[in-house]
Amino acid sequence: MITVIIPALNEEKTIRDVISLVSSSPQVGEILVIDDKSSDNTIKRSRLPKVRIYTSPKLGKGSSIREGIMLSKNEVVVLLDADILTYPENIVELLTSPILKGEADFVKSTFDRQAGRVTELVAKPLLGLLFPELSKFSQPLSGMFGCKKSLMKKLEIENDYGVDVGILLDMHNIGARIKEVNIGYIENRMQTWEQLGKMSREVSKAILKRAR
């Protein structure tokens, strides 16, 4: 069986739809919603079959991921964002099939949307210089992926915008078999210029730290 982990912060408008979608997969045995102290009705909207809800004692997506991994009852885990309504119906299968077939240990998602500004102007140039073997990944900052719990427990998971590229680099550095799969068109919120600046600094820090 598969565990789906959904970190969430004030996602009352979308969380129930994401849960309902992944619940339809016969392979999903449990769904963990790791709430980041939401001030809206995220928790109330998450109360559905298969769902276990936990409130994270520490703010940040990285902390939520670490807690979800430790709480997971299954070895194969899927991480999904809580604010996306355009996931394909077979999102769980897309992100876990290569793992279940023994072809990969970590499955990174890519999608049919132009990569963001931080990806194109910061992440890809730095990866091309410092980790050229990873320059083939079209969406290195994607936060939707499938993985093995046993490997995730070995990683240093950042607690800021560097979390997703940090996981990719750590998986590479421990020798995990990594595969990128297309999950179709994904639509999410645009970041403000202030958020983009903060993201650029934290993504750069995560890459440079691992290049040492």
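Not measured: the values here are computed from a predicted model. (Residues numbered from 1 in each chain as written. Predicted model: local features only at pLDDT ≥ 70, side-chain atom pairs only at ≥ 80, totals over all residues. Heavy atoms only, no water.)

1. Some points on the overall build of the protein
At step 1: Each helix and strand counted, the protein has eight helices and seven strands in total.
At step 2: With the principal axes as the frame, the protein shows a C-alpha extent of 45 × 40 × 30 Å.
At step 3: Residues counted as buried form 51% of the 212 residues belonging to the protein.
At step 4: Long-range contacts, defined here as pairs at least 24 residues apart, represent 76% of the contacts in the protein between residues at least 6 apart.
At step 5: For the protein, the accessible surface area stands at approximately 9,900 Å², while carbon and sulfur atoms represent 53% of it.
At step 6: Here the protein contributes 31 positive and 27 negative side-chain charges, whose respective centroids are spaced 4 Å apart. (Helix = DSSP H or I, 4+ residues; strand = E, 2+ residues; numbered from the N terminus. Buried < 20%, exposed > 50% of the residue type's maximum accessible area, 1.4 Å probe, protein only. Contact = heavy atoms within 4.5 Å. Areas by Shrake-Rupley, 256 points an atom, 1.4 Å probe, with all protein chains shown as cover. Lys, Arg positive; Asp, Glu negative; His and termini not counted. Charge placed at Lys NZ, Arg CZ, Asp CG, Glu CD.)

2. A look at the sheet that holds strand 6 (residues 145-148)
At step 1: Across the sheet, seven strands lie side by side as 3-2-1-4-6-5-7; this open sheet has mixed pairing. Since the sheet does not close on itself, it has two edges, and those belong to strand 3 (51-55) and strand 7 (178-182), each with one partner. Each strand of the sheet is rotated relative to its neighbour by a mean of 20 degrees, with strand direction disregarded.
At step 2: Two elements, strand 1 (residues 2-8) and strand 2 (residues 28-35), share seven bridges in a ladder whose sense is parallel. From the neighbouring strand, Pro7 faces strand 2, where its bridge partner is Ile34.
At step 3: Helix 1 (residues 15-23) rests against strand 1, strand 2 and strand 3 of the sheet, and its axis sits at about 160 degrees to strand 2.
At step 4: Running over the sheet, helix 7 (residues 163-173) touches strand 5 (106-110), strand 6 and strand 7 and is turned about 140 degrees from strand 5. (Pairing = 2+ DSSP bridges. Axes fitted to C-alpha atoms, helices over the stretch in contact; angles between N-to-C directions.)

3. So, the packing of helix 7 against helix 8 (residues 193-211)
At step 1: In the contact formed by helix 7 and helix 8, the axes pass within 9 Å of each other and the chain directions differ by 15 degrees. Taken together, helix 7 and helix 8 sit at an angle that is classed as roughly parallel. Between helix 7 and helix 8 the crossing geometry is right-handed. Contact residues: Val165, Gly166, Leu169, Asp170 and Asn173 in helix 7; Val203, Ala206, Ile207 and Arg210 in helix 8.
At step 2: Of the residues assigned to the contact of helix 7 with helix 8, the class counts are five nonpolar, two polar and two charged. (Parallel < 35°, antiparallel > 145°, perpendicular 65-115°, else oblique. Left-handed = near helix turned anticlockwise from the far one by under 90°. Nonpolar A, V, L, I, M, F, W, Y, C, P; charged D, E, K, R; others polar.)

4. What to know about helix 1
At step 1: Turning to helix 1, its buried residues number three or more, namely Ile15, Val18, Ile19, Leu21 and Val22. Relative to the axis of helix 1, the buried residues are bounded by an arc of 160 degrees and lie together on one face.
At step 2: Elements in contact with the buried residues of helix 1: strand 1, strand 2, helix 2 (42-46), strand 3 and helix 4 (91-100). (Arc of directions from axis to C-beta.)

By themselves, these figures tell us nothing about what the structure is for.
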